[in-house]
Amino acid sequence: MTDDPVLTVTGLAKAYGRRVACRDVSFELWPGEVLAVVGESGSGKTTLLNCLGGLVPPDAGRVRFRRRSGEVIDLVAASEALRRAILRAEWGFVRQNPRDGLRFGVSAGANVGEPLMAIGGRHYGHIRGSASEWLDAVEIDPARMDDLPSSFSGGMQQRLQIARNLVTHPAIVLMDEPTGGLDVSVQARLLDLIRRLVREAGVAAIVVTHDLGVARLLADRMLVMRQGCVVEAGLTDQLLDDPQHAYTQLLVSSVLTV
Amino acid sequence: MTADGYNFGYLDEQTKRMIRRAILKGVAIPGYQVPFGSREMPLPYGWGTGGIQITAAVIGPGDTLKVIDQGADDTTNAVSIRNFFVRMCDVATTERTAEASIIQTRHRIPERKLAPGQILVYQVPIPEPLRWLEPRETETRKMHALREYGVMHVKLYEDISVKGRVSTAYDYPVLVNGRYIMRPSPIPKFDTPKMHRMAALQLFGAGREKRIYAVPPYTDVVPLDFEDHPFTIETWDQACALCGATTSFLDEVILDDRGRRMFVCSDTDFCQERREAGHRGDGGPNPLEEAAE
Amino acid sequence: MPDDKTVMIAIESLAKTFTLHLRGSVELRVLQAFSMQVETGECVVLRAPSGTGKSTVLRSVSGNYRIGGGRVAVRHEGEMVDLSAASPRTVMEIRRNTIGYVSQFLRVIPRVSALDVVAEPLMARGVPTDEARERAGTMLGRLHIPAKMWDLPPATFSGGEQQRVNIARVLAVDYPILLLDEPTASLDDANRALVLDLVREARERGAAILAILHDEASRAAVATRYVDLAPLEAAA
């Protein structure tokens, strides 16, 4: 592990017309680290993720990513070709809605194999072998690899997305509300799985969630966002147990405890 | 003489220049789909309007034209297009592949190896190979530009995992000059290898979709496949019932309602030449001979 | 026990005030000008009436609370590191390699077995999975958690069992610094003795221990020194 961050975001901003979605967001992310971005709906956390993931062009700011080769690239300033190539080969993006993150017209195996083919995999047997291993890793029976994702439950679809996004061994995985809309028991299983896989793969992750419990369980560090700004940042347990900002205190005090 | 009131080749000279510019651009960037201002032609879309416009733009008084449809010179579509150019250009026509300087084709490549200087014009219904997985034209253009072609193999993968083999039998996607993925128009995959380093110039016209693309002579055209599932072409147990050829693409011809059938060369000129050279097939009843009796 | 004592925890004029923004920004002063040190091989027990900030001291040293004022430094890989100035990453590294913190309650993780809960800090330090699980099993065994429970998630355990898993998780690793917040609170006499034995062993191998212990007998069993926290008047 090196002391250099894998990602350095500075001054990221995005507005939709006159509505500011993200303002001056800066943070660093180190290899193997999980960063949670929390805040209520409309706080700008999903816009932040979409800017990082190349879905939305930011208005300002820099997103400097350290590639496997050691080269540091500002993804905002890079050509679209380079940006898309890097995002494809070295990043993953688990979308909130599996319909955005999966291809529903092809089998589960094809969904997991596609990123490998996208980076040049041309051996059917190897691609299928990897897909089978990753389905197993996300606790989907490899015997179902030729089934369509639409025949899977919501939790399975999310796990399939995770397999699809980890199969290329990315350096960074973005996750947008990965447990949103799932039953509590399914959530627990998914969280445990994400926690384990992220650690085993040594991948750095940015997890957007409105659920502080998810943040507590998954994240080393946390950003608290409100009205497009980061109001507080720090170690997850520190922010949750000793929140300084009024908004963080409000969030923490609003959590239902069992 | 050309028909009164019509310009040579039906299209006006400005239009021909526009199409030629598109062709030149296509030749310069092999496999790249060049948009062009496709004109209304005196026949419906799907009947070869793209191919006709290309032919009209490149044909000259000294050319000899051959038109085939599914390999045959004598089908309605081929006859109509050939007659169209006779009326509009008064050019010589032929059914002989070797004698033609321009061959307009629908769904086949002649069996005879084409020579330098010849032009093969394909009629293309759908030019975009990425369409089945990405309906947005803006996105497919970007995918071509950035060479994001991984998804093409997803279709092959899906074929193999679901059907045990690649089931695409015609219009098989190819990589042109190591750069652009291209639909070769609905030719059988049997013909796909003929495109590779072909001596003739290959031009593709899609009239409804307003796209022209090209493969210059001696350009690499490689079908997509997997290392462990290599591209293969169709084979037949039979030889051609008429000429005995074993290496050509065969059509199954149903002879009557008692189930009698025979297999004959799809390329009528190829078959004819072989018979003239004395080759004979032995399989199946031969309606030509029956008719002669 | 090492002969040359080394300062492992240095607290100077620590202050901590909580500002409750949701209650009209009322300020709750918990600590003021609190200083102390802990050296290797020491087990210092904090004494004070409940609600006087004993846990706050431990949480400040563990990095769970931000340093309100003053200075808290811990020896991490030979160097004294000022926690108020340390980056979150440094604090994470200190927690991984230097400080073991036994909180009052085990924060259970859904679906993770007791054995893996205990093995986790070892694995985070790079101990191979098999060895980490073996050491975790040994520690659970010493704390009388029967092997048939190891594969179950601790969420289903009793309070005393959960607390022993919590202790095993920290004591399975030979941290140079241990922070113990009521480790024996919910244990019966037999299990309390087991835990105190382990704490004594840790002290004897040279760990610097800062503990909050509720009952007099436990304190007497492990403490080498006491520090008394004077209560502050509650500020309005």
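Residues numbered from 1 in each chain as written. Chains lettered and ligands numbered in written order. Predicted model: local features only at pLDDT ≥ 70, side-chain atom pairs only at ≥ 80, totals over all residues. Heavy atoms only, no water.

**Some remarks on the overall build of chain B**
Helices and strands together make up the secondary structure of chain B, namely eight helices and 12 strands. Expected size for 293 residues packed as a compact globule is a radius of gyration near 19 Å; at 20 Å, chain B falls within 12% of this value. Overall size of chain B, expressed as C-alpha extent along the three principal axes, is 60 × 60 × 35 Å. Put simply, chain B has 293 residues, and 54% of those count as buried. Excluding contacts between residues fewer than 6 apart, the proportion of contacts in chain B whose partners are at least 24 apart in sequence is 63%. (Helix = DSSP H or I, 4+ residues; strand = E, 2+ residues; numbered from the N terminus. Rg over C-alpha atoms; globule rule 2.2 N^0.38 Å. Buried < 20%, exposed > 50% of the residue type's maximum accessible area, 1.4 Å probe, protein only. Contact = heavy atoms within 4.5 Å.)

**Describing the interface of chain C and chain A**
Quoted interface sizes are often the accessible area lost when the parts come together. The partner chain A presents 29 residues to the 22 residues of chain C that form the contact. Summed over both partners, the interface of chain C with chain A buries about 2,300 Å², with 51% contributed by carbon and sulfur atoms. For the chain C face of the interface with chain A, the top three residues by lost area are R66, R89 and R111 of chain C, together amounting to 32%. For the pair chain C and chain A, the number of links is eight salt bridges. Taking the shortest distance from any N to any O, the salt bridge between E120 of chain C and R199 of chain A comes out at 2.8 Å. Our count for the chain C to chain A interface comes out at 14 residue pairs in polar contact (both at pLDDT 80 or more). Only strand 1 (7-20) and helix 2 (88-97) of chain C provide two or more residues apiece to the side of chain C that touches chain A. (Buried area = accessible area lost by both parts, 1.4 Å probe. Salt bridge = Lys/Arg side-chain N within 4 Å of Asp/Glu carboxyl O. Polar contact = N/O pair within 3.5 Å; in protein donor to acceptor, adjacent residues only side chain to side chain.)

**Some details on unusual backbone geometry**
Residues and elements named next belong to chain B. Despite not being glycine, Y10 has its phi angle at roughly 75°, a positive value. Position of Y10 relative to the elements: it lies in the segment before helix 1 (13-28). Here Y10 falls in the partly exposed class, since its relative accessible area comes to 23%. Of note, K210 is a non-glycine position whose phi angle comes to about 60°, a positive value.

**Things to note about the domain arrangement of chain B**
All names here are of chain B. Domain boundaries in chain B define domain 1 (13-223) and domain 2 (250-292). If you average the C-alpha positions of domain 1 and of domain 2, the two centres end up 28 Å apart. Taken together, the contact between domain 1 and domain 2 spans 12 residues of the former and nine residues of the latter. Taken over both partners, the interface formed by domain 1 and domain 2 buries close to 810 Å², and the fraction arising from carbon and sulfur atoms is 34%. Contact with domain 2 buries area across many residues of domain 1, yet R96, E111 and R112 alone supply 50% of it, more than any other trio. Taken together, the connections running from domain 1 to domain 2 amount to three salt bridges. When the shortest N-O distance is used, the salt bridge between E273 and R112 registers 2.8 Å. (Domains from an automatic or database assignment.)

**Structural notes on the pattern of salt bridges**
In this structure the tally under the stated criterion is 56 salt bridges over all chains. Here R84 of chain A makes a salt bridge to E139 of chain B, at a shortest N to O gap of 3.1 Å. Note that R84 of chain A is positioned in helix 2 (residues 80-90) and E139 of chain B in helix 4 (residues 137-145), a pairing that runs across two chains. Like R84 of chain A, the residue E139 of chain B is buried in the burial classification. When the shortest N-O distance is used, the salt bridge between R183 of chain B and D171 of chain B registers 3.1 Å. With a gap of 12 residues between them, R183 of chain B in the loop between strand 7 (180-182) and helix 6 (192-195) and D171 of chain B in the loop between helix 5 (150-163) and strand 6 (174-176) connect regions that are remote in the sequence. Per residue, the accessibility class of R183 of chain B equals that of D171 of chain B, and both read buried. One salt-bridge network, in which partners are shared between bridges, spans E80, R84 and R88 of chain A together with E139, K142 and E148 of chain B.

**Structural notes on the packing of helix 5 (residues 124-137) of chain A against helix 5 of chain B**
Axis separation between helix 5 of chain A and helix 5 of chain B bottoms out at 11 Å; the angle between their running directions is 80°. Here helix 5 of chain A is positioned roughly perpendicular relative to helix 5 of chain B, judged by the angle of their axes. Residues Y124, I127 and R128 of chain A of helix 5 of chain A touch helix 5 of chain B, and the partners they reach there are Y157, I160 and S161 of chain B. (Axes fitted to C-alpha atoms, helices over the stretch in contact; angles between N-to-C directions. Parallel < 35°, antiparallel > 145°, perpendicular 65-115°, else oblique.)

**Structural notes on the interface of chain B and chain A**
Across the boundary between the two partners, chain B contributes 20 residues, which contact 20 residues of chain A. Of the roughly 1,800 Å² buried where chain B meets chain A, counting both sides, 59% is carbon and sulfur surface. Remark: the boundary between chain B and chain A carries four salt bridges. For E148 of chain B, the salt bridge goes to R84 of chain A, with nearest N and O atoms at 2.6 Å. The interface formed by chain B and chain A holds 12 residue pairs in polar contact (both at pLDDT 80 or more) in total. Elements with a minimum of two residues in the side of chain B that touches chain A: helix 4 and helix 5 of chain B. The biggest single contributor to the side of chain B that touches chain A is helix 5 of chain B, with eight residues. For the side of chain B that touches chain A, the residue count by class is nine nonpolar, four polar and seven charged. (Nonpolar A, V, L, I, M, F, W, Y, C, P; charged D, E, K, R; others polar.)

**Looking at the environment of C43 of chain C**
Residue and element names in this part refer to chain C. Along the chain, C43 turns up in strand 3 (residues 43-47). Judged by relative accessible area, which is 0%, C43 ranks as buried. For the pair C43 and A223, spaced 180 residues apart in the sequence, the C-alpha separation amounts to 5.0 Å.

**Let's talk about the nonpolar core**
All names here are of chain C. Grouped together as the largest cluster of nonpolar side chains are 113 residues, with contacts concentrated most on V165, L178 and I209. Setting aside residues no more than four positions away along its own chain, L178 makes contact with G100, V170, L171, A202, R205, A207, A208, I209 and L210. Residues L14, F18, L31 and L46 belong to the second largest nonpolar core, which totals 36 residues. (Core = buried A, V, L, I, M, F, W, Y, C linked by side-chain atoms within 4.5 Å.)

**Quick word on helix 1 (residues 54-62) of chain C**
Residues and elements named next belong to chain C. The buried fraction of helix 1 is high, at seven of nine residues. Among all positions of helix 1, only K54, T56, V57, L58, S60, V61 and S62 are buried. A positive phi of about 90° marks G63, the residue just after helix 1.

**Quick notes on the packing of helix 3 (residues 114-124) of chain C against helix 5 (residues 159-171) of chain C**
The description of two helices packed together rests on the angle between their axes and the distance between the axes. Residues and elements named next belong to chain C. Contact geometry of helix 3 with helix 5 gives a least axis separation of 7 Å together with a crossing angle of 30°. As judged from the angle between their axes, helix 3 and helix 5 are roughly parallel. Remark: the crossing between helix 3 and helix 5 carries right-handed chirality. In contact with A114, V117, V118, E120 and P121 of helix 3, helix 5 contributes V165, A168 and R169. (Left-handed = near helix turned anticlockwise from the far one by under 90°.)

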